[in-house]
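# Coordinate inspection notes
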Amino acid sequence: MESLRHILSPDFLLRNSVYTSVLIGFACPLVGVFLVLRRLVFIGVALPQIASTGIAIAFSVPMWLGLLQPEHAAHSEHLYAFAGSTFFSLGAILVMAFLERRGGGSIEGRLGTAYVVAAALSIIILSKNRYGEVGWLDLMKGEVITIDNFDLALTGVTLALVLAVLGLFHKEILFVSFDRAMAITLGKNILLWDIVLYLLIGLTVSMAVLSVGPLIAFGFLLIPALTSHQFARTMRQFTIAASCLGGVSSFAGFWIAYEYNLPVGPTDVVLLGVVFFLAFLAKKLWVAIIGSKAVKP
Amino acid sequence: MKEAIITLDNLAIGYDGQPVLSGISLSIARSSFTAILGANGSGKSTLLKTLLGLQSPVGGRMQIGALGVKPVFGYVPQAIQFDPLYPLTGFDVALMGTFGRVGPMKFPSRVEKDFVHECLRATAAEGFAREKFSRLSGGQKQRVLIARALATKPDILVLDEPTAGVDVAATKSLLEFISRIHAERNLTVLLVTHDLPLVRKHAQQIIWLHNGQVLHGTVAELFTRERMAEIFEMELI
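Below is a summary of the structure that appears in this document. (Residues numbered from 1 in each chain as written. Chains lettered and ligands numbered in written order. Predicted model: local features only at pLDDT ≥ 70, side-chain atom pairs only at ≥ 80, totals over all residues. Heavy atoms only, no water.)

### Concerning the overall build of chain A
For clarity, the cut-off: Helix and strand labels come from DSSP, where a helix needs a run of H or I of at least four residues and a strand needs a run of E of at least two; each type is numbered from the N terminus. The classification of residues rests on relative accessible area computed with a 1.4 Å probe and restricted to protein chains. Under 20% of the type maximum is buried, over 50% is exposed, and intermediate values are partly exposed. Contacts are assigned to residue pairs with any non-hydrogen atoms lying within 4.5 Å of each other.
Scanning chain A for helices and strands turns up 13 helices and 0 strands. For chain A, the succession of helices and strands along the chain, N to C, is α-α-α-α-α-α-α-α-α-α-α-α-α. Out of the 297 residues belonging to chain A, those deemed buried represent 52%. Intrachain contacts of chain A at a sequence separation of at least 6 include 79% that bridge at least 24 residues.

And the structure:
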């Protein structure tokens with residue numbers, strides 16, 4: 001409990017990391033529910049990896065051109081990273097959306113190829129960058145420890161924007177996802193709403209990757225949504241439960257990591273995995289109990 | 001003859017510029033009950049999608065409504081096409097019928113929600129509207145989808161095989177219900193089906209897609225012994 005008091009203290013040295021983790025934990029599942037519903041789970045895997053390749057390129061190209069010195073202020077470094085992450089994730093998701101609309105070919109095949117090429121490209125780029133292994137690899141892995149006020153503000157503003165747009169246009173995004181034909185007959189522009197959703201996913205992923213890395217971003221995008229989906233009866237329950245689970249797990253994960261001196265991001269993901277497994281067992285048990293009651297005379 | 005709400009003039013329909021059916025010229029009268037019949041692959045769904053604006057015609061002319069006033073379609077797709085992953089209740093699904101009137105950044109008002117409840121009551125779906133849509137039976141889903149179509153306040157009710165996967169009793173009751181709202185609300189009804197006895201009982205007009213041809217006429221004109229023998233290529237006893 002002593003460590004919990006430390007974490008909750010306003011003077012806690014790593015408070016920005018806690019706030020950022022919790023923000024990401026709350027926000028990622030909000031777009032993750034649409035990845036689950038639209039059966040685009042592979043995008044949740046590929047996109048964070050592509051975003052981290054964007055970070056690697058955004059760091060390395062200005063370095064090679066002599067425009068960025070690694071010892072310079074962290075703000076410009078993070079702005080480069082944010083730009084690279086956002087540009088690549090938005091670009092990739094729009095290309096994927098275009099290919100999906102055109103139809104033909106295997107979506108899973110394209111996403112798998114994009115994932116593996118992006119991962120390989122990141123390694124090549126960083127191996128050719130003499131500063132790559134010093135500090136930037138930490139960022140790529142999702143070093144949640146070194147987050148300054150500027151990064152926290154950037155995360156907060158981006159995720160607030162995502163939340164606002166998602167809240168205002170939830171009805172349209174859900175409608176075109178559930179029944180495209182009906183949406184067209186009622187005059188909805190499905191291309192527009194698809195792009196809005198994809199931009200929200202891209203923006204959230206790029207921010208999450210920048211703050212916590214691709215592995216953890218993927219975990220928060222999908223596991224809370226998959227866990228709450230087992231119990232939700234309505235979209236409202238589904239979305240709120242997924243978001244709360246993400247936020248609470250990220251805080252609990254941070255606490256466990258701090259208590260036992262573990263890496264924060266992987267601890268968060270393992271904790272989410274344990275919660276998912278327990279929820280799965282609870283659901284099975286519930287169904288068995290209800291089922292046995294139903295067959296009794 | 002009542003005024004036409006849909007007029008097709010030498011229309012060609014198909015995919016990727018390749019016609020499946022061409023030379024379709026017919027008109028559908030306002031407030032009529034028209035059944036679209038045909039074997040699998042005859043172009044029924046393609047015709048329906050073209051009328052609904054889900055795909056462009058390959059050629060010809062199509063006029064929906066009159067003098068630039070576009071009618072509202074109340075579309076009832078096949079219930080099996082919906083992904084069961086969506087955690088939506090029957091009411092949530094029916095509420096989508098109001099989304100054509102409720103623009104972005106707005107939420108359905110109490111009046112709209114009350115109207116949806118009214119539509120659910122009209123289709124006898126109010127009793128299971130709070131249940132998860134994916135867990136409803138085929139007939140219950142169809143009732144919710146018809147309620148959703150009515151919630152659009154439609155000029156034309158379009159039903160794509162609404163009795164597919166529905167048992168005989170529910171099929172009979174559904175068609176009787178559709179017939180009743182057609183009469184009560186003066187709705188134009190377009191029904192795609194394979195069920196000839198029900199078409200004979202409820203429809204006024206028939207569009208029969210057969211061997212690349214489009215036969216259009218009343219039930220009395222098309223359901224003759226000679227025409228049936230010709231369509232089914234067999235001698236009818």
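### Section: the interface of chain A and chain B
Put simply, the rule is: Throughout, the accessible surface (probe 1.4 Å) given up by two parts as they are put together, summed over both, is called the buried area. Should a side-chain nitrogen of Lys or Arg be within 4 Å of a carboxyl oxygen of Asp or Glu, the pair is scored as a salt bridge. Throughout this description, a polar contact denotes any pair of N or O atoms lying within 3.5 Å of each other; where both atoms belong to protein, one of them has to be capable of donating a hydrogen while the other can accept it, and for residues adjacent in sequence the pair is counted only when both atoms sit in side chains.
Each partner contributes residues to the interface: chain A has 27 residues there, and chain B has 34 residues. Summed over both partners, the interface of chain A with chain B buries about 2700 Å², with 67% contributed by carbon and sulfur atoms. Interface area lost by chain A to chain B is led by A:Lys171, A:Phe178 and A:Arg233, which between them contribute 27%. Taken together, chain A and chain B are joined by 2 salt bridges. A:Asp179 is the salt-bridge partner of B:Arg148, the closest N and O atoms lying 2.6 Å from each other. Seen at the junction of chain A and chain B, the total is 11 residue pairs in polar contact (both at pLDDT 80 or more). At the level of elements, α2 (15-37), α7 (149-168), α8 (170-178), α9 (180-185) and α12 (235-260) of chain A are the ones that each hand at least two residues to the side of chain A that touches chain B.

### Some details on the sheet that holds strand β7 (residues 188-192) of chain B
Two pairing modes exist for strands in a sheet, parallel and antiparallel, and in both the strands are linked by backbone hydrogen bonds. All names here are of chain B. Heads up, the condition is: In short, DSSP must find at least two bridges between two strands for them to pair. Where helices are involved, their axes are fitted lines through C-alpha atoms of the stretch in contact, as for all axes, and angles between N-to-C directions lie from 0 to 180°.
If you trace the 6 strands from one edge of the open sheet to the other, you get β5-β6-β7-β3-β8-β9, paired in mixed fashion. The open sheet is flanked by β5 (73-76) and β9 (213-218), the only strands paired with a single partner. Strand after strand, the sheet turns through a mean of 15° between neighbouring axes, direction not considered. Summarising the sheet, β5 and strand β6 (residues 156-160) pair through 4 bridges and their orientation is parallel. In the strand pairing of β6, Gly74 is matched with Leu157. Seen against the sheet, helix α4 (residues 138-151) touches β5 and β6 and runs at an angle of roughly 170° to β5.

### Observations regarding the packing of aromatic side chains
Under the convention used in this document: Pairs were defined over the aromatic rings of Phe, Tyr and Trp, the Trp ring being its six-membered one, requiring ring centres within 6.5 Å. Orientation was assigned from the angle between planes: stacked under 30 degrees, edge-to-face over 60, tilted for the rest. To sit over a ring, a charge needs its Lys NZ or Arg CZ within 6 Å of the ring centre and within 35 degrees of the ring normal.
One pass over the structure, following the stated rule, counts 9 aromatic pairs over all chains. Centroid distance A:Phe169 to A:Trp193: 5.1 Å. Interplanar angle 45°. Geometry classified as tilted. With A:Phe169 in the loop between α7 and α8 and A:Trp193 in helix α10 (residues 190-212), this residue pair connects regions lying 24 residues apart in the sequence. Clustering of aromatic rings is evident, with ring pairs tying together A:Phe178, B:Phe82, B:Tyr86 and B:Phe133. A cation over an aromatic ring shows up here: A:Lys171 above the ring of B:Phe99, its NZ or CZ 5.3 Å from the ring centre. Here the basic side chain of B:Lys153 rests over the ring of B:Phe115, its NZ or CZ set 4.8 Å away from the ring centre.

### Topic: the packing of α7(A) against α10(A)
Residues and elements named next belong to chain A. This is how the line gets drawn: Angles below 35 degrees are treated as roughly parallel, those above 145 as roughly antiparallel, those between 65 and 115 as roughly perpendicular, and all remaining angles as oblique. The handedness criterion is simple: a crossing whose near helix is rotated anticlockwise from the far helix by less than a right angle is left-handed, and one whose near helix is rotated clockwise is right-handed. Note on residue categories: nonpolar means Ala, Val, Leu, Ile, Met, Phe, Trp, Tyr, Cys or Pro, charged means Asp, Glu, Lys or Arg, and polar means any other residue, Gly included.
Closest axis-to-axis distance for the α7/α10 pair is 10 Å, and the angle between their directions is 160°. When the axis of α7 is compared with that of α10, the two are roughly antiparallel. As for how α7 packs across α10, the hand of that crossing is left-handed. Where α7 abuts α10, its residues Leu154, Thr155, Thr158, Leu159, Leu161, Val162, Val165 and Leu166 lie against Val196, Leu200, Leu203, Thr204, Met207 and Ser211. Among the residues making up the contact of α7 with α10, the classes are represented as 10 nonpolar, 4 polar and no charged.

### Examining α7(A)
All names here are of chain A. Condition: In a helix, the anticipated span is given by 1.5 Å times the number of residues less one. Along the arc lie the directions from the helix axis toward the C-beta atoms.
For α7, built from 20 residues, the straight-helix expectation of 28 Å at 1.5 Å per residue is met to within 8% by its first-to-last C-alpha distance of 28 Å. Of all the positions in α7, only Asp151, Leu152, Leu154, Thr155, Thr158, Leu159, Val162 and Leu166 are classed as buried. One side of α7 carries all its buried residues, which in axial view fall inside an arc of 160°. Facing away from the buried surface of α7 by more than 90 degrees, the exposed residues are Asn149 and Val157.

### Thoughts on the environment of A:Val269
Residues and elements named next belong to chain A. Among the secondary structure elements, Val269 is positioned in helix α13 (residues 264-295). The buried category is assigned to Val269, whose relative accessible area is 17%. Dropping the residues within four chain positions of it, Val269 is found in contact with Leu215, Ile216, Gly219 and Ile223.

### Overview of the sheet that holds strand β4 (residues 59-64) of chain B
All names here are of chain B. Read across the sheet, 3 strands follow the order β2-β1-β4 without closing on themselves; strand pairing throughout is antiparallel. Strand pairing shows two members of the sheet lacking a second neighbour, β2 (18-29) and β4, which therefore form its edges. The average angle at which neighbouring strand axes cross in this sheet is 20°, direction not considered. Relative to β4, strand β1 (residues 4-15) runs antiparallel, the two being bridged by 5 bridges. Across the sheet, Asp9 pairs through a bridge with Arg61, a residue of β4.

### Describing the side chain of B:Thr89
Here B:Thr89 lies in the loop between β5 and α2 (90-95). Using a relative accessible area of 4% as the deciding quantity, one classes B:Thr89 as buried. Excluding anything up to four places from it in sequence, B:Thr89 contacts A:Arg233, A:Thr234, B:Ala129, B:Arg130, B:Glu131, B:Lys132 and B:Phe133.

### So, the pattern of salt bridges
When the charged atoms of two side chains with opposite charge come close together, those side chains can pair. The tally for this structure, following the rule as stated, stands at 14 salt bridges over all chains. The shortest N-O distance in the salt bridge between B:Arg61 and B:Asp9 comes to 3.9 Å. Of the two residues, B:Arg61 is situated in strand β4 and B:Asp9 in strand β1; the sequence distance between them amounts to 52 residues. What makes B:Asp9 partly exposed here is its relative accessible area of 38%. The network of salt bridges with common partners includes A:Arg38, A:Arg180 and A:Asp194.

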